[in-house]
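Observations on chain architecture
Take a look at the letters that make up each chain.
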Amino acid sequence: MTMWLAQSNAWAGIDVTRHLFLFSPMLTLVCTMLAVVACPIIVGRSAKTIGAVVVMGIIASFILAVRVAGEVAGGGISGLSTQPASGMLLVDNLSIAFQLILLIFMGGVTYLWWMGSSDSEENAPEFFILLLGSAVGMGLMVSTSNLLMIALAIETASLPSYAMVGFDKRDRRGAEASLKYLIFGAISAAIMLYGISLLYGLSGSLSVAIVAQHCIQSLASGHNLVITLVALMCLLSGIAFKISAFPFHFWCPDAFEGAKIEVTAWLSVASKSAALILLARLAMVFCAGVSAPEAIGMLSPLAWGIGIMAAITCTLGNFAAYKQTSAKRLLAYSSIAHAGYMLMAIAVFVHPHSDHGQEGMSALLTYIAIYMFMNLGAFGVVAMVVWDTGSDNLASFTGLLRRAPLLAVPMIICLMSLVGLPPFAGFIGKWWILVALGRLNDSLGWFLVITAVVNTLISLYYYMRIVVQMSLRDDGQPALSFPLGGMALVNICAIALFAMFGFAQPLKTTSEQFTRNIFDTTMAKTVVVDAAPAQPIESVQR
Amino acid sequence: MMIYQMTALATTILASAETTNVALHTNSNLELVLGIIMFTAAGFGIVFGGLTVGSVVRPKLFHPEKGTAYECGEPAIGDSWVQFDLRFYTVALVFIVFDVEIALLWPWAVVFKEMGAPAFWAFIVFFLLIAIPFAYEWKSGYLTWVRASSGQRHKPLLKDKVEMAAGSTPA
Amino acid sequence: MEHIGLTHYLVVAAVLFCCGIFTMTTKRNAIGILIGVELVLNSTGINLVAFDRYMGPGRLDGQVVAIFLIVLAAAETALAVGICINVYKNLSTVDVDAASQLRG
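These numbers were taken from a predicted model, which means no experiment stands behind them.

Moving on, we come to the overall build of chain B. The secondary structure content of chain B amounts to six helices and zero strands. Reading the helices (α) and strands (β) of chain B from amino to carboxyl end gives α-α-α-α-α-α. Looking at chain B residue by residue over its 171 residues, the buried ones come to 4%. Contacts in chain B between residues far apart in sequence, at least 24 positions, make up 26% of those at least 6 positions apart.

This is how it looks when you write it as structure tokens:
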């Protein structure tokens with residue numbers, strides 16, 4: 001079939017087979033989704049069957065992603081069409097790296113779900129359709145630099161998430177959480193789309209590279225200044241919602257507390273990091289468009305803006321986590337704080353003094369990879385405590401070190417890693433962001449370094465509270481019963497955190513490899529931008 | 001707080017849309033803005049003016065009959081805020097989802113002749129993406145009005161059957 | 001008055017956008033808020049199609065986005081109504097102020 005397609009005129013010049021191959025990890029997930037939909041029709045709703053189909057899909061997708069990673073290592077492909085500038089998707093090192101992380105994480109979440117669901121579970125197909133759907137959306141978010149695709153990807157990631165949060169239909173809290181998430185999400189998505197329509201009008205194109213050029217022009221010349229700023233802010237508000245950055249973070253604790261624990265784990269890592277990488281890509285395009293003389297004037301406020309947003313986000317997350325009694329809600333606020341740390345990495349390469357764009361990007365990627373293991377481990381332990389005691393209140397963690405040492409020890413490791421203490425990987429992630437900030441060697445850099453360090457101290461307190469509850473207090477509750485597989489999962493996460501600290505240098509090299517050559521694909525470089533001059537609004541004849 | 005932010009945002013957008021216009025076509029635009037203002041003022045004037053004059057002039061004789069809804073001269077029975085059967089919503093949802101897909105077929109139909117075979121295969125993929133979920137809906141019993149058939153997920157309990165017979169929502 | 005031009009469409013869209021924002025911020029009923037969201041999405045659609053029409057011939061991007069927007073809005077509405085039904089079953093109301101169990 002693909003041969004036939006390639007012979008047709010409309011597709012002339014496109015190597016269809018290669019493009020399909022490059023995009024195969026996400027296509028495999030879509031096919032898996034269809035297979036899961038077809039399962040209840042053909043073989044029934046058994047959770048085991050569905051789980052097997054999903055796991056096979058994830059493994060197939062992972063193998064393909066590894067092969068694609070080898071293919072694009074020397075430089076990605078932009079557009080997946082003959083005209084990169086008008087193309088909608090791109091495949092490069094960064095997108096593949098994120099997809100690999102996403103697939104590993106999805107495997108973990110699937111396993112967690114599989115252990116947590118009872119034998120009589122009959123909603124397995126629906127859950128996995130939603131999970132796969134949001135995974136595809138997140139995979140698309142990191143592999144595009146086109147406004148339409150950005151909007152579609154964010155919605156594809158969001159819509160299943162709303163439903164997943166309210167998945168248990170008899171749960172009042174879940175219903176309330178999904179309502180709040182839905183309303184915040186729908187509002188910010190609508191505002192983002194309005195911003196996209198204005199950006200399209202200002203630049204006449206949906207390609208982010210061209211849009212950024214026009215935005216910079218109008219910012220430099222003061223022409224259409226207000227409307228450009230408003231449009232950019234609308235776009236950013238949609239992305240900031242997904243990151244749960246400061247003014248758009250209200251949904252996060254409620255949605256995370258009301259959702260089932262596997263869903264909370266999934267959202268806390270996957271949706272946030274996808275949005276962060278998307279924001280990083282946009283920032284990269286924007287910075288590249290600014291030529292040197294104007295750079296200081298324009299990038300400095302932007303860097304300060306993102307920096308202050310990051311500082312407020314992580315301070316707020318940490319202070320709100322301070323007085324929480326629900327472990328899920330505490331981890332939700334901690335995930336807001338971590339989003340703040342990761343935003344700091346983006347502030348690094350927006351900064352005009354910085355020519356270490358790649359340094360910020362690789363620090364961000366490493367942090368995401370480490371954060372995935374920390375959260376999977378921590379949520380895994382919380383999940384097993386909830387399954388046994390039925391409550392995620394901190395009181396049910398009392399004496400866990402005696403009741404279930406094989407859960408308490410990995411939990412302590414994950415929590416210390418979340419704080420960022422050596423010898424755990426969380427330290428590495430935080431350290432590289434701090435190093436990148438320090439190298440800026442100006443007021444913003446040091447301001448963010450101080451904020452991050454102070455925040456780490458604050459966070460030490462509330463993470464330690466759980467540790468103290470688990471180790472020093474004991475009210476004689478009976479030993480915890482937990483599935484062996486779950487114990488293995490959290491211990492693997494804990495060991496991974498050790499290992500990543502031990503192999504810090506290879507980790508750094510790998511993440512640098514995966515952030516190489518991403519610039520050209522993001523900028524849709526191979527095409528001459530001036531070939532089809534876009535008409536800005538001013539020249540419109542009525 | 002969110003509310004203030006949004007209102008401020010909205011105001012800025014409206015203002016910026018108008019400043020752009022002013023910069024472009026000063027005369028026509030002032031005319032337009034003036035027109036909008038006059039139109040809005042007239043609209044508000046007629047509504048509130050009428051109500052104000054009415055409230056001053058009319059005799060104030062209250063009667064409970066006057067407070068009821070006018071139903072063609074018949075006395076109203078019950079409240080108008082009755083709850084519809086939830087099945088209507090379910091059917092509407094299914095309808096919306098499949099109905100809107102037609103919008104995506106429209107541009108496809110425009111270029112179908114020029115593109116030929118690839119367009120056909122693209123359609124087949126699209127059709128599969130719709131057909132399989134449709135089969136799923138059918139099989140899961142979301143399309144049956146009275147959910148008592150054998151292909152259904154939950155075998156109805158006796159209680160549900162009684163409720164269904166009484167015309168209320170099945171649990 | 002002269003011919004209807006791009007600015008007229010933009011003003012209509014901006015007014016619609018403001019109405020949508022106003023609806024979202026003042027309504028306490030979840031369905032009402034979603035109607036506000038729909039207004040904003042429709043204003044976006046007007047913007048996109050108007051830009052396509054007035055920014056020179058041969059532009060299709062905006063119209064394509066508008067079509068996707070319609071599908072997006074429908075998908076969102078379907079899901080939103082589903083969630084609202086679920087909330088109604090659990091809380092017997094879709095007033096967002098009643099959703100106050102999760103806080104802190």
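Attention now goes to the overall build of chain C. Across its full length, chain C carries three helices and zero strands. Taking 104 residues into account, the globule formula puts the C-alpha radius of gyration at 13 Å, and chain C, at 18 Å, lies well above it. For chain C, the spread of C-alpha atoms along the three principal axes comes to 55 × 30 × 25 Å. Counting all 104 residues of chain C, 44% fall into the buried class.

Okay, the packing of helix α1 (residues 6-26) of chain C against helix α2 (residues 30-54) of chain C next. Residue and element names in this part refer to chain C. With their axes 7 Å apart at the nearest point, α1 and α2 run at an angle of 165° to one another. Between α1 and α2, the interaxial angle falls into the category roughly antiparallel. The interaxial crossing formed by α1 with α2 has left-handed handedness.

The subject of this paragraph is the environment of Ile492(A). Mapped onto the elements, Ile492(A) comes out in helix α20 (residues 484-502). Considering only alpha carbons, one finds Ile492(A) and Val348(A), 144 residues apart in sequence, at a separation of 32 Å.

Residue and element names in this part refer to chain C. One way to put it is that α2 packs onto helix α3 (residues 61-91) with a least axis distance of 9 Å and a crossing angle of 175°. One finds that α2 runs roughly antiparallel with respect to α3. Within the contact between the two elements, α2 uses Ala 30, Ile 31, Leu 34, Glu 38, Leu 41, Thr 44, Gly 45, Leu 48, Val 49, Phe 51 and Asp 52 and α3 uses Gly 62, Gln 63, Val 65, Ala 66, Leu 69, Ala 73, Thr 77, Ala 80, Cys 84 and Val 87. Among the residues forming the contact of α2 with α3, the class breakdown is 14 nonpolar, five polar and two charged.

Residue and element names in this part refer to chain A. Secondary-structure assignment places Ile 96 in helix α5 (residues 93-116). Distance from Ile 96 to Ala 177, taken between C-alpha atoms, is 32 Å for residues 81 residues apart in sequence. Sequence-distant contacts of Ile 96, defined by excluding residues within four places in its chain, comprise Ala 65, Val 68, Ala 69, Val 72 and Val 91.

Our focus in this paragraph is the interface of chain A and chain C. Taken together, the 38 residues of chain A in the interface contact 39 residues of chain C. Of all the elements in the fold, those that place two or more residues in the side of chain A that touches chain C are α7 (147-165), α8 (172-203) and α11 (251-258) of chain A. The element best represented in the side of chain A that touches chain C is α8(A), accounting for 20 residues. Residues of the side of chain A that touches chain C, tallied by class, amount to 20 nonpolar, eight polar and 10 charged.

Now for α3(C). Here α3(C) contains 31 residues, and its C-alpha end-to-end distance of 43 Å stays within 8% of the 45 Å for a straight helix at 1.5 Å per residue. In the segment just after α3(C), Ser92(C) is the residue with positive phi, at about 60°.

Moving on: the environment of Met344(A). All names here are of chain A. The topology assignment puts Met 344 in helix α14 (residues 327-350). When the C-alpha positions of Met 344 and Ala 452 are compared, they lie 8.9 Å apart, and in sequence the two are 108 residues distant. In this structure Met 344 touches Gly 307, Ala 310, Ile 433, Leu 437, Leu 448 and Ala 452, once residues within four positions along its chain are discounted.

Now for the confidence of the model for chain C. On average, residues of chain C score 86 in pLDDT, and 96% of them reach the 70 mark or higher. We note a pTM of 0.83 for the whole complex and an ipTM of 0.95 for its interfaces.

A separate point is the confidence of the model for chain B. All names here are of chain B. Looking at chain B, the pLDDT average stands at 71 and 59% of residues meet or exceed 70. When mean pLDDT is compared element by element in chain B, helix α5 (residues 117-140) scores highest at 86, while helix α6 (residues 158-165) scores lowest at 50. Throughout residues 21-26 the model reports pLDDT below 50, and contacts reaching past four residues in sequence, or to other chains, amount to five contacts. Note on residues 149-159: pLDDT is under 50 here. Beyond four places in sequence and across chains, it has 13 contacts.

Okay, unusual backbone geometry next. Residues and elements named next belong to chain A. Here the bond from Pro 422 into Pro 423 is cis, since omega is 0°, no more than 30 degrees from zero. Along the chain, Pro 423 turns up in the loop between α17 (405-419) and α18 (425-440). Positive phi is not limited to glycine here, since Ser 244 has a value of about 60°. Tracing the sequence through the fold places Ser 244 in the loop between α10 (225-243) and α11.

Calculation criteria
- Residues numbered from 1 in each chain as written.
- Chains lettered and ligands numbered in written order.
- Predicted model: local features only at pLDDT ≥ 70, side-chain atom pairs only at ≥ 80, totals over all residues.
- Helix = DSSP H or I, 4+ residues; strand = E, 2+ residues; numbered from the N terminus.
- Buried ≥ 20, exposed ≤ 12 C-beta atoms within 10 Å, placed from the backbone.
- Contact = placed C-beta atoms within 7 Å.
- Rg over C-alpha atoms; globule rule 2.2 N^0.38 Å.
- Axes fitted to C-alpha atoms, helices over the stretch in contact; angles between N-to-C directions.
- Parallel < 35°, antiparallel > 145°, perpendicular 65-115°, else oblique.
- Left-handed = near helix turned anticlockwise from the far one by under 90°.
- Nonpolar A, V, L, I, M, F, W, Y, C, P; charged D, E, K, R; others polar.
- Expected span 1.5 Å × (residues − 1).
- pLDDT = per-residue confidence, 0-100.

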